[in-house]
Amino acid sequence: MKHTRTLAVAASVAALGLALSGCSGSDAGGDENTLRLWHYEGADSAMGIAWAEAIEVFEEETGATVEFEEKSFEQIRSTASQVLNSDEAPDLLEYNKGNATAGLLSSEGLLTPLDDVVDEYGWGDQLAPALQTTAKYDENGIMGSGSWYGVPNYGEFVQVYYNKDAFAEAGVEVPTTLAEFEDVMQTFADQGTTPLAESAAEYPLGQLWYQLALSEADRQFVNDYQLYENPVDWSGDEISSATETVKDWVDAGYISTDASGLKAEDAGVSFISGDAPIFYSGSWWYGRFQSEITDFEWGTFLFPEAELSPGSAGNMWVVPERAQNKELAYEFIDITMRPEIQALLGNNGGVPVAAEEADITDEKSKELIANFNALNDMDGISFYPDWPTPTFYDELNAGLQELVNGTKSPSEVQQQLGEQYQSGVDDIVG
């Protein structure tokens, strides 16, 4: 679906907007007063709401026009290399962070280095060091050092969503240990309810599998898995426990075998509709749950006993190397980092990176941000399982589908994933 916002302005106002943006006809290959923007956030999501306001502010202040195209996450993920290497590249887009995504594009020369711009606008001072990790990539596309290639506008993490009414009816409480969590799920299973909303065709089950590994891991495991500091033992305790637990939970009826063919949307809707009382997934669902869940009370908690969890700075604004209006892109990024835009994001279920604490007034949003801060204070942000290689997202999903289907055993899935992971890492680091 394409949305184009236009602002009719006299030539003198357009010229003023062009001057304010710092963009000139000599450095723009197309309409020098139009910012072509892509992102994949829903209109009712926290980011969608905040960025829609940013578009209005941008157009009013600059006299420029924003041509916005809403793309799906999968559209951008699967076509980015081709599109960004063409004249169809937008001026600014939201893109996924990590070695396999932004890192890959940066190593291919498809993204604009932003070091000078970050210094000029002071964005580095607004972002905590832990949130800068996924914005910087070295010449091989490995995150954590090198040049800035993106600017995160929000934080994100994975947590447990639960149906408070269903918990009360079942006579269970929020668990504080993994054993208690399994007891809660067993109670629902005994009552004929599959407790976990799940998807193996897309990211949710992969993130749960990674969380189960992190529950047995330390920071060095994360560094080895994500940053290639040491080889990963794919038959070690961390990964073996995760894979075997997923299989155990399928066998116990906590996860439906139907999950092998379900997408993230299917899992999310099963929680929204009240069919599944528990959903382990990202903070990006928070705003949607706020607006769409009306039939029951719901809440959140961090995964029991875990000191490490999937999460990171959010997806980033990136500027393609072939963008035609880079200065307009930089100005728009800066508007999205303003306290008032960040507060709007935070009060609608997002996790702001540069908001004033006093500006967050929504109680549920305070709960969300408190969970993120608690995880951040433990140095618990551990990135995502598919990040290490460009192909591991699809490979992990396929392996877990086979695990859920029962067509491969946990040890066979681990061996397959380990070989695929190592092959991808070898391609990156040599």
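- The chain has the name Extracellular solute-binding protein in an unreviewed UniProt entry, where Agromyces bracchium is given as its organism.

**Topic: the environment of glutamate 356**
Argument step 1. Relative to the helices and strands, glutamate 356 resides in the loop between strand E14 (351–352) and helix H17 (363–377).
Argument step 2. In this structure, the C-alpha to C-alpha distance between glutamate 356 and aspartate 377, residues 21 residues apart in sequence, is 18 Å.

**Structural notes on the packing of aromatic side chains**
Argument step 1. Scanning the model with the defined rule gives 38 aromatic pairs in all.
Argument step 2. Ring geometry for tyrosine 162 versus phenylalanine 167: centroids 4.9 Å apart, planes at 55 degrees, classification tilted. The same class applies to tyrosine 162 and to phenylalanine 167, which are both buried.
Argument step 3. A ring pair is formed by tryptophan 317 and phenylalanine 332, whose centres lie 5.7 Å apart and whose planes are at 80 degrees; its orientation type is edge-to-face. Taken together, the residues tryptophan 317 in strand E13 (residues 316–318) and phenylalanine 332 in helix H15 (residues 326–336) connect sequence positions 15 residues apart. In terms of burial, tryptophan 317 and phenylalanine 332 fall into one category: buried.
Argument step 4. In this arrangement the basic side chain of lysine 364 is found over the ring face of tryptophan 298, its NZ or CZ atom lying 4.1 Å from the centre.

**Quick notes on the domain arrangement of the chain**
Argument step 1. Here the chain is described as being made up of domain 1 (34–154 + 314–355) and domain 2 (157–311 + 382–429).
Argument step 2. Between domain 1 and domain 2, the contact holds 17 residues from the first and 22 residues from the second.
Argument step 3. Summed over both partners, the interface of domain 1 with domain 2 buries about 1500 Å², with 61% contributed by carbon and sulfur atoms.
Argument step 4. Where domain 1 meets domain 2, there are zero salt bridges.
Argument step 5. Scanning the region where domain 1 abuts domain 2 turns up five residue pairs in polar contact (both at pLDDT 80 or more).

What counts and how
Residues numbered from 1 in each chain as written. Predicted model: local features only at pLDDT ≥ 70, side-chain atom pairs only at ≥ 80, totals over all residues. Heavy atoms only, no water. Helix = DSSP H or I, 4+ residues; strand = E, 2+ residues; numbered from the N terminus. Phe/Tyr/Trp six-rings, centres within 6.5 Å; stacked < 30°, edge-to-face > 60°. Buried < 20%, exposed > 50% of the residue type's maximum accessible area, 1.4 Å probe, protein only. Lys NZ or Arg CZ within 6 Å of the ring centre and 35° of its normal. Domains from an automatic or database assignment. Contact = heavy atoms within 4.5 Å. Buried area = accessible area lost by both parts, 1.4 Å probe. Salt bridge = Lys/Arg side-chain N within 4 Å of Asp/Glu carboxyl O. Polar contact = N/O pair within 3.5 Å; in protein donor to acceptor, adjacent residues only side chain to side chain.

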